[in-house]
There are 2 protein chains.
Amino acid sequence: MSHLLRQHLSTITPFSDAEFDYVLSHFTPKKLKKHQFLVQEGNAVPNDHFVLKGLLKATHVSPDGKEHILQFAMEDWWITDYQAFHQQSAATINIDCIEATEVLSLSLYNREKLCSELHKIEHCFRVKTSAGYVALQRRILSLLDSNARERYEQFIQQYPTLTQRLPKTLIAAYLGVSRETLSRLYAL
Amino acid sequence: MSHLLRQHLSTITPFSDAEFDYVLSHFTPKKLKKHQFLVQEGNAVPNDHFVLKGLLKATHVSPDGKEHILQFAMEDWWITDYQAFHQQSAATINIDCIEATEVLSLSLYNREKLCSELHKIEHCFRVKTSAGYVALQRRILSLLDSNARERYEQFIQQYPTLTQRLPKTLIAAYLGVSRETLSRLYAL
DNA sequence: CCGCCGGTGTGATCTATATCACTTTTTATT
DNA sequence: AATAAAAAGTGATATAGATCACACCGGCGG
């Protein structure tokens, strides 16, 4: 089986062995234990991360101490604090591991370098980002349109794998519902 | 004063006169009256649109008949049903003019053509989409974290111009709050 | 094998916001 | 200016979902 990152990129355009090796050389592998932080509020965010294995969550703690989940990421997904990453400022969110995790990290410098050297890879990033943009729009519409139960059902539909791997408490924090309310929804 | 689109693209990379003219030749201008539709639910969505003048809203009507606003767009912003546009499927939202509007329309074909011919323009689109992605993440966080009043205050901060140009009813539909509740918030 | 902790369920309340119904103000249109 | 249409305010009530409090279960670390 070929490298997961190669498979990922190949869904957009094929890469030759040489091209892929060159791309890969710009990434740094990193292993993290369960509960370990990948990004911590207040710190710099030098890298974007491609998940090879494991499961993470990006969370924001509101002034009154409640944790809301901005994003999950499992195998084949990208995750970082994009706001901080792009403007090279301090993180406003935390990212930590729900399971033991392996990622490939790509610095902003290397990412821009790759994008300017290889039109193909910039194309990949544009296509992936566009898809992400659409997914976020869908989530916003779901937050505006739908009640707790409907959002939960949509989540199960859209992310069956995550539904298996995540405790309901975290799904609730992602959907913007309290743990207790989600539990009571079980009268499906 | 140079062309608004040129100014827009130049915030990312400079374009020569020849380059810009070539890019511009792929767009089609369109004028719309107040209340006219740019995209209508159920129809094909051949184009993305850059706003030269005016103000539009992208809305979704929920099963129970309530109108929620996914996005506004004014001068210098892009708007379309991106989901439908990318997968060339039928629109699931409506986009209509709040004020008389002029846009430049770019077909998916021309957009991909430009992107493959001119690395520079693909770069522009990637950067703009990334910025949009971050903005949507912020909005999601605001929907998860903040109550009606806080969301309204954030909106005023972030979009002072829109706050002037829009009736409160529409701001309410964007924030996911009822018109009446927004009105009562006025005890700021 | 025990104790504890993360995850879950469930009752009793509380509250922000929705809804409905109506009035007043402002803005367009002929 | 006259009339209609859109926007905004406001009271009375209803409700989805939050919060608080507690009980239960199952795994795994000493």
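In this text the structure is predicted, and so the values were computed from the model without any measurement.

Cut-offs used in this document
Residue positions are counted from 1 within each chain, in the order its sequence is given. Chains carry letters from A onward and ligands carry numbers from 1 onward, assigned in written order. Note on the predicted model: pLDDT of at least 70 is required for a residue's local features to be given, and 80 or more for side-chain atom pairs to be given and counted; whole-chain, interface and lining totals, by contrast, use all residues. As a rule here, side-chain values come from all non-hydrogen atoms in the structure, and water together with hydrogens is ignored. The way it works is that DSSP assigns letters per residue, a run of H or I at least four long becomes a helix, a run of E at least two long becomes a strand, and they are numbered from the N terminus. We take the radius of gyration over the C-alpha atoms and set the globule estimate at 2.2 Å times the residue count to the 0.38 power. Think of it in three bands: with a 1.4 Å probe and only protein chains considered, a residue is buried below 20% of the maximum accessible area for its type, exposed above 50%, and partly exposed in between. Using a 1.4 Å probe, accessible areas were evaluated by the Shrake-Rupley method; residue-level cover was limited to the displayed protein chains. The positive count covers Lys and Arg only, the negative count covers Asp and Glu only, and His and the chain ends enter neither. Taken as the charge centre is NZ of Lys, CZ of Arg, CG of Asp or CD of Glu, depending on the residue. When checking whether two residues touch, look at their non-hydrogen atoms; a contact exists if any pair is within 4.5 Å. By convention, the term buried area covers the 1.4 Å-probe accessible surface removed from two parts as they join, with the contributions of both added. A pairing counts as a salt bridge when a side-chain nitrogen of Lys or Arg comes within 4 Å of a carboxyl oxygen of Asp or Glu. Amino acid classes used here: Ala, Val, Leu, Ile, Met, Phe, Trp, Tyr, Cys and Pro are nonpolar; Asp, Glu, Lys and Arg are charged; the rest, including Gly, are polar. Stacked, tilted and edge-to-face pairs are distinguished by plane angle, under 30 degrees for stacked and over 60 for edge-to-face with tilted covering the rest, among Phe, Tyr and Trp rings (Trp via its six-membered ring) whose centres lie within 6.5 Å. Geometrically, a charge over a ring is one whose NZ (Lys) or CZ (Arg) sits within 6 Å of the ring centre while staying within 35 degrees of the ring normal. Axis definition: a line fit to C-alpha positions, over the contact stretch in the case of helices; interaxial angles, taken between N-to-C directions, run 0 to 180 degrees. Nearness is judged by heavy atoms alone; a residue qualifies as near a molecule or strand once a single heavy atom is within 4 Å of it. Each polar contact in these results corresponds to two N or O atoms within 3.5 Å; when the atoms are within protein, one needs to be able to donate a hydrogen and the other to accept it, and residues that are neighboring in sequence are counted only if both atoms are side-chain atoms.

A. Seen up close, the overall build of chain A. Looking only at helices and strands, chain A has nine helices and eight strands in total. Relative to the 2.2 N^0.38 estimate, which gives 16 Å for 188 residues, the radius of gyration of chain A is 18 Å and therefore close to what a compact globule would have. When the backbone C-alpha atoms are referred to their principal axes, chain A occupies close to 55 × 35 × 30 Å. Taken across its 188 residues, chain A has 51% of its residues classed as buried. For chain A, the computed accessible surface area is about 8,900 Å², with 53% contributed by carbon and sulfur atoms. Computed over 21 positive and 20 negative side-chain charges, the separation of the two mean positions in chain A equals 5 Å.

B. Structural detail: the interface of chain A and chain B. With 38 residues of chain A at the contact, the number on the chain B side is 38 residues. Of the roughly 3,600 Å² buried where chain A meets chain B, counting both sides, 66% is carbon and sulfur surface. On the chain A side of the contact with chain B, Arg126(A), Tyr133(A) and Leu144(A) bury the most area, a combined 20% of that side's loss. Between the two partners, chain A and chain B, sit four salt bridges. Counting residues per element, the ones that place at least two in the side of chain A that touches chain B are strand E5 (67-74), helix H3 (82-87), helix H4 (108-117), helix H5 (119-145) and helix H8 (168-175) of chain A. By residue number, the principal contributor to the side of chain A that touches chain B is H5(A), which donates 19 residues. Class assignment for the residues of the side of chain A that touches chain B results in 17 nonpolar, 14 polar and seven charged.

C. Structural detail: the packing of aromatic side chains. Residues and elements named next belong to chain A. Scanning the entire structure with this criterion turns up 16 aromatic pairs over all chains. Following the ring pairs from residue to residue traces out a cluster consisting of Phe72, Trp77, Phe155, Tyr159 and Tyr174. Geometry around tyrosine 174 places arginine 139 over its ring, the cationic atom sitting 3.7 Å from the centre.

D. The packing of H5(A) against helix H4 (residues 108-117) of chain B, seen in detail. Packing of H5(A) against H4(B) brings their axes to within 10 Å, and their N-to-C directions diverge by 145°. For the pair formed by H5(A) and H4(B), the contact residues are His119(A), His123(A) and Arg126(A) on the first element and Arg111(B), Glu112(B), Cys115(B) and Ser116(B) on the second.

E. Representation of the protein's contact with DNA strand D in the model. Neighbouring DNA strand D are 17 residues, the closest being Lys66(A), Thr181(A), Lys168(B), Arg179(B) and Arg184(B). Within 4 Å of the protein, atoms of DNA strand D come from sugar and phosphate in 43% of cases. Note that a phosphate oxygen of DNA strand D is positioned 2.5 Å from one of the side-chain N or O atoms of Lys66(A). A distance of 3.4 Å separates a base nitrogen of DNA strand D from a polar atom in the side chain of Glu180(A). For the surface near DNA strand D, the secondary-structure elements that each account for two or more residues are helix H9 (179-184) of chain A together with helix H8 (168-175) and helix H9 (179-184) of chain B. In terms of residues, the surface near DNA strand D owes the most to one element, H9(B), which gives four residues. In terms of residue class, the surface near DNA strand D is built from four nonpolar, six polar and seven charged.

F. Geometry of the protein's contact with DNA strand C. Residues in contact with DNA strand C amount to 17 residues; listed here are only the nearest, Lys168(A), Arg179(A), Arg184(A), Lys66(B) and Thr181(B). Of all DNA strand C atoms lying within 4 Å of any protein atom, the proportion belonging to sugar or phosphate reaches 40%. Ala148(B) places a main-chain nitrogen or oxygen 3.1 Å from a phosphate oxygen of DNA strand C. Residue Arg184(B) places a side-chain N or O atom 2.8 Å away from a base oxygen belonging to DNA strand C. Elements that contribute at least two residues to the surface near DNA strand C include exactly H8 and H9 of chain A together with H9 of chain B. Here the surface near DNA strand C gets four residues from one element, more than from any other, and that element is H9(A).

Remember that the coordinates give geometry; whether it matters functionally is a separate question.
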